[in-house]
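Structure assessment
Below, each chain spelled out in residue letters.
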Amino acid sequence: RKLAEEALRESEARFRTIFEIASLGIAQVDPSNGKIILVNTYYESITGYKTDELLKMTFGELTHPDDRKKDWEVFSKAARGEGEYRNQKRYVKKDGTIVWVRIHVAFIRDENGNPIRTVAICEDITKRIEAEQQLQNLADNLPGVVFQYLLFPDGTDALRAVSKGSRNVWGYSPEEVTENIQLIWNQAKAGGDFEEVQKSISEAIKTKSKWSARYKSVLPNGEVQMHLGRGTPKFLADGTILFNSVVLDITKEAKNEELLEQATEMAKIGSWELDMINQNGDAMYWSPMTREILEVDESYDPSLTGGFEFYTEESKQRIQKAVDVLIQEGKEFDEELLISTATGEEKWVRCIGKSERVQDKCIKIYGSFQDIDASKSLEIQVREILGSISDAFYALNSNWEFTYFNKEAEKLLNRPASEVIGRSIWEIFPSVLGTPLEEIYYRVAKNGKPESFEYLRPGDGKWYEVNAYPFNGGVSAYFKNIDERKRGAENLEKAYQEKNNILERIGDAFFALDKDWKVTYWNKRAEEIIGIPREDLMGYNLWEKFPLAKELEFFRQYEKAFKEQAPVHFEEYFPPFNQWYEANGYPSPEGISVFFRDITDKKLANQKVLEANERFEKVTEATNDAIWDYDVLNNHLFWGKGFYTLFGYHTDEIKPSLDLLVSLIHVDDRERIINKMNRYMANPKLKTWFEEYRFLTADGSFAYVIDRAIFLRNGEGKVVRVIGAMNDISERKDFEQQLIALNKSLKHHAHELELTNEQLEQFAFIASHDLQEPLRMISSFLDLLKRKYGNQLDEKALQYIHFATDGAKRMKQIILDLLEYSRAGRFAEAKEKVDINQLLAEYESLRRKVITEKSVKINRGQLPVVTAYKAPLIQTLHCLFDNAIKYSKEGRSPRIDISAEALNDSWKICVRDNGIGIDPKFHEKIFVIFQRLHDRDQYEGTGIGLAIAKKHVESWGGQIWLESTPGKGTMFYFTLPRNKDN
């Protein structure tokens, strides 16, 4: 024990020595409560506490309050042997500052595995944590997302140290993507570029080069973005590959690139470049659009000298000179040139050239190449057109410099185009300064509104008519010499008096107004139409005399003519006179002259024509017929909307004509229709035409139509117009064909049924006769047997003979009933008028005995006289009356009520009794042949009466039914057809 204690002391001494020399904080801790037992002096620098103070504390007291719970959980699990204790946490130093530490705890355990001593090694990692935080803050502030991508030897991968930019780029937090990297790969898969990204990573690993990939990603919100990923692989000792990476959102840049490419494509602008330093020879770069303009493929090797060969001779000299000056002097150029492409097509291009220079030495030339063939060709055409117009024309830019000067302008202004193009108008023609022309030109350029005016040119003293238009900040002007016209105005004044004489003789009304709207002339015809003498109007303002006219078209049109100095023509209604007028106004700088006439009668006639046409158009829209109107004199055919609704022809897509209409008639009907139409055209007595034929529809099928037409003729009897209406009767035609086929089929079936009925009747008669003969024989021999040997037979034998005889009688009755049933429903006689009251009287007479014996009481209402088959009706009524008497209740006198009710097309007859009644479940059964509801001993009969009655009723088209309650009686109903006269 002494030796052991000595060894322990030596061990502790060595341990303390290690404590002192180590640059780590080392301590022993009680595993049960975390109390510090032993600590080295380095712990003092870490925590700020003295050793004696530390020995009075626990690990929990040193730990930051926010880390204590989690730290104690980890420590307790390690003490129990559930993992190791390796942890990063915060200590609160004595002065209150925070220090980050990394602690590794080792447990010394007894033979049972319980911890008896704990050694804690503590390292101050504050500076490292601060550096990591600074680095993370830096990463979080960088554009995109910064992260480490790890690819492990087993093929799995993961992310770590992900910056906050992941929310903007990927739509997930750093924690989400660190926990599940598949969130990122799923975005690349949805974008369709996952395989390409994986391939680029593999290539970077294989070549040990930097990784770069451009790919589409679909974010959680469905937004599609373009991402650019870059990274550098690092190969770790354990085989793990680590990429320090960044992914940027370049969606906007990608869209801009796409827009640039589209703009380049739309504008047909390519680029070119020649490096003067880093290459030998004159090999160049041509963009794809440049190659497309020159019509060369990707295999073509461009060069400066080779490119010159595409230009036509004149353009080739210009571009060579421009390039030489660009290289030697740095003077940029912008040339429009004519080229011949690789396929031999000539086109105009715009070539712009610029240079890069170092110490006045050209190191690179570059520029653009644009296809301007369409605009250049248009410009040439415009120049040709402008050069060919009869008026003089020139164009001025915003600096008032001539940009165009046509031949007529050269002639009128006596200046060649070569002398004025590119020079200012005020310099070439200084005499126009200070004149109305200068003022108007400046106004047109500023306001952007064209103006027309007459101008006395100072240079030659002649009058010109000028039309000035705004053009690209400047003015374009058309002008012509009107000097002769102006001189002619003087001669016109001389003819004024002669004009007045003419105006008085013309048929139209005429008046003249000065620029103040005062009447200066009013001819006789105007007096007659208006009804006001000229002396009441001359010198007065027209609108003061006719104030209402100022609110109408009269004032607006005259004012327009005067302002625009252009003639006007219009029609207007004047309510005070209830008249329509047609007016023509001719303006001058001094006023306006007006010719007018009364057109009231013409307007009323036109209105009637318009109303008639409108009615005709409405009729064509409202009717189901296809209306057509053929103007014979003008060979014009009108089709109404019915041609679309009935036959599918769009009248706004085809132009109807008589030839077209005739061509649509079936070839088998066409000649007949043409001949009949020609006959009507030639015969003045024929006016109304009607015909059926087949007409081709838009879908290729033929429709049966009825075509009705009226031929309108002039006074000479010639047809001037034909108006027709076609109606589609295809369904009727189909129905007629079906009806004809059905009638044939019905006739055939009726004939077969008639033969069958005759055969059945013959069979029934023969069968009944042949069946009755053995029955008669049986009955006769049984009767002989009874009479001859009756005294020798006992009671039982006589009973058997009675049964056999009775059976033969019943069999005979059944045969007779069958024969009667087979004849039921077949009427040998014709219908006749039958008084049901008379039939009831005859029944009472016929059944007088039984009626008396059973005290039968028959009540009747007002019974009609009907038109019917008499025998079947009698048999039906007798059957119902007999059943009412037969099936009466014991001890009660039978009562029968018969009544009739008039329906729309039939009589409803009701026979009601107070008998035993019939259970509802047997209501249908009793109409079946030989169906009995009672024993023969109780009620005699074969059960065929109601079956025969039902067959009679249904044969004349009626119905028979009953309503009954057991013990309370029965009501039988049947119907008879009712004619209008009964």
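Throughout what follows, the structure given in this document is the object of discussion. Per-chain numbering applies: the sequence of each chain, read as written, is numbered from 1 onward. Predicted model: local features are reported for residues with pLDDT of at least 70 only, side-chain atom pairs are reported and counted for 80 or more only, and whole-chain, interface and lining totals are derived from all residues. To obtain the side-chain values, all non-hydrogen atoms of the structure were used and water was disregarded.

Things to note about the overall build of the chain
Here is the rule we go by: A run of H or I in DSSP becomes a helix once it reaches four residues, and a run of E becomes a strand once it reaches two; helices and strands are each numbered from the N terminus. The cut-offs for exposure are 20% and 50% of the maximum accessible area for each residue type, with area from a 1.4 Å probe on protein chains only; residues under the lower value are buried, those over the upper are exposed, and the others partly exposed. For this analysis, residues touch if any pair of their heavy atoms sits within 4.5 Å. Per-residue and other accessible areas follow the Shrake-Rupley method at a 1.4 Å probe size, with only the shown protein chains counted as cover for residues.
Scanning the chain from terminus to terminus reveals 34 helices and 37 strands. Here the chain holds 982 residues, and 36% of them are scored as buried. For the chain, restricting intrachain contacts to residue pairs at least 6 apart in sequence, the fraction spanning at least 24 positions comes to 46%. A total of about 59,300 Å² of accessible surface is found on the chain, and carbon and sulfur atoms cover 51% of it.

A word on the packing of aromatic side chains
Basically, it comes down to this: Stacked, tilted and edge-to-face are the three classes applied to pairs of Phe, Tyr and Trp rings, where Trp contributes its six-membered ring and a pair requires centres within 6.5 Å; stacked means planes under 30 degrees apart, edge-to-face means over 60, and tilted covers the rest.
Enumeration over the complete set of coordinates arrives at 51 aromatic pairs. Considering the side-chain rings of Trp543 and Phe555, the 5.2 Å spacing of their centres and the 85° angle between planes classify their relative orientation as edge-to-face. Here Trp543 is found in helix H23 (residues 542-545), whereas its partner Phe555 is found in helix H24 (residues 553-564), with twelve residues between them in sequence. Comparing Trp543 with Phe555 shows no difference in burial state: the two are buried. Here Phe554 and Phe570 contribute two aromatic rings whose centre-to-centre distance is 6.0 Å and whose plane-to-plane angle is 70°, an arrangement assigned as edge-to-face. Remark: Phe570 occurs in strand E23 (residues 568-574) and Phe554 occurs in helix H24; sequence separation between them is 16 residues. One exposure class covers both Phe554 and Phe570, and it is buried.

Focus: the sheet that holds strand E24 (residues 579-588)
As a reminder, the rule being used: At least two DSSP bridges between two strands are required for those strands to pair. Axis lines are fitted to C-alpha atoms, over the contacting stretch for helices. Their N-to-C directions set the angle, which ranges from 0 to 180 degrees.
With respect to topology, five strands assemble into an open sheet ordered E22-E21-E25-E24-E23, the strand pairing being antiparallel. One side of each edge strand has no neighbouring strand; the edge strands of this open sheet are strand E22 (519-522) and E23. The average undirected angle you get between the axes of adjacent strands in this sheet is 25°. Its contacts with the sheet put H24 on strand E21 (509-514), E23, E24 and strand E25 (591-598), and the angle it makes with E23 is roughly 165°.

Re the packing of helix H9 (residues 182-191) against helix H10 (residues 194-207)
Helix-helix packing: each pair is described by the crossing angle between the helix axes and the interaxial distance. Condition: Angle categories: roughly parallel below 35 degrees, roughly antiparallel above 145, roughly perpendicular from 65 to 115, and oblique for all the rest. Residues were grouped as follows: Ala, Val, Leu, Ile, Met, Phe, Trp, Tyr, Cys and Pro as nonpolar; Asp, Glu, Lys and Arg as charged; and all remaining residues, including Gly, as polar.
Relative to each other, H9 and H10 sit at 120°, their axes nearing to 7 Å. On the basis of their axis angle, the class for H9 and H10 is oblique. Of H10, the residues touching H9 (which contributes Trp185, Ala188 and Lys189) are Phe194, Val197, Gln198 and Ile201. Here the residues of the contact of H9 with H10 sort into five nonpolar, one polar and one charged.

Describing the pattern of salt bridges
When their charged atoms lie close together, side chains carrying opposite charge are able to pair. Rules: What counts as a salt bridge is simple: a side-chain nitrogen of Lys or Arg found within 4 Å of a carboxyl oxygen of Asp or Glu.
Counted by the stated rule, this structure contains 42 salt bridges. A salt bridge links Arg556 to Glu553; the shortest N-O distance between them is 3.1 Å. Here Glu553 and Arg556 lie together in helix H24, a separation of three residues that amounts to about one turn. The closest approach of N and O atoms between Lys950 and Glu954, which form a salt bridge, is 2.6 Å. A residue pair is termed a helical-turn pair when its members lie 3 or 4 positions apart in one helix, as Lys950 and Glu954 do in helix H34 (residues 945-955) at four residues. Assessed through its relative accessible area of 23%, Lys950 is described here as partly exposed. The network of salt bridges with shared partners includes Asp669, Arg672, Lys676, Glu691 and Arg694.

A closer look at the packing of helix H31 (residues 836-846) against helix H33 (residues 870-886)
Operational definition: In this scheme the crossing of two helices becomes right-handed for a clockwise turn of the near helix relative to the far one and left-handed for an anticlockwise turn of less than a right angle.
Packing of H31 against H33 leaves a shortest axis separation of 11 Å and a crossing angle of 50°. Taken together, the axis directions place H31 and H33 in an arrangement best described as oblique. The two elements H31 and H33 cross, and the hand of that crossing is right-handed. Residues Ile836, Leu839, Leu840, Tyr843 and Leu846 of H31 pack against Lys870, Leu873, Ile874, Leu877, His878, Phe881, Asp882 and Ile885 of H33. Grouping the constituent residues of the contact of H31 with H33 by class yields ten nonpolar, one polar and two charged.

What about unusual backbone geometry?
Despite not being glycine, Lys208 has its phi angle at roughly 50°, a positive value. Among the structural elements, Lys208 can be located in the loop between H10 and strand E8 (211-218). Phi is positive for Asn472, which is not a glycine, with a value near 50°. Considering the arrangement of structural elements, one finds Asn472 in the loop between strand E19 (463-471) and strand E20 (474-481).

Observations concerning the nonpolar core
Formally: Residue types Ala, Val, Leu, Ile, Met, Phe, Trp, Tyr and Cys, when buried and joined through side-chain atoms within 4.5 Å, form a set referred to as a nonpolar core.
Ranked by size, the top nonpolar core spans 35 residues in total, and within it Leu873, Ile898, Phe974 and Leu976 carry the most contacts. Within the residue set of this core, elements represented by two or more residues are H31, strand E33 (865-868), H33, strand E34 (895-902), strand E35 (906-913), H34, strand E36 (960-965) and strand E37 (969-977). The element contributing the most residues to this core is H33, with seven residues. In contact with Ile898, not counting residues within four places along its chain, are Ile836, Leu840, Asn859, Arg860, Gly861, Leu863, Leu877, Phe881, Ile909, Cys910 and Val911.

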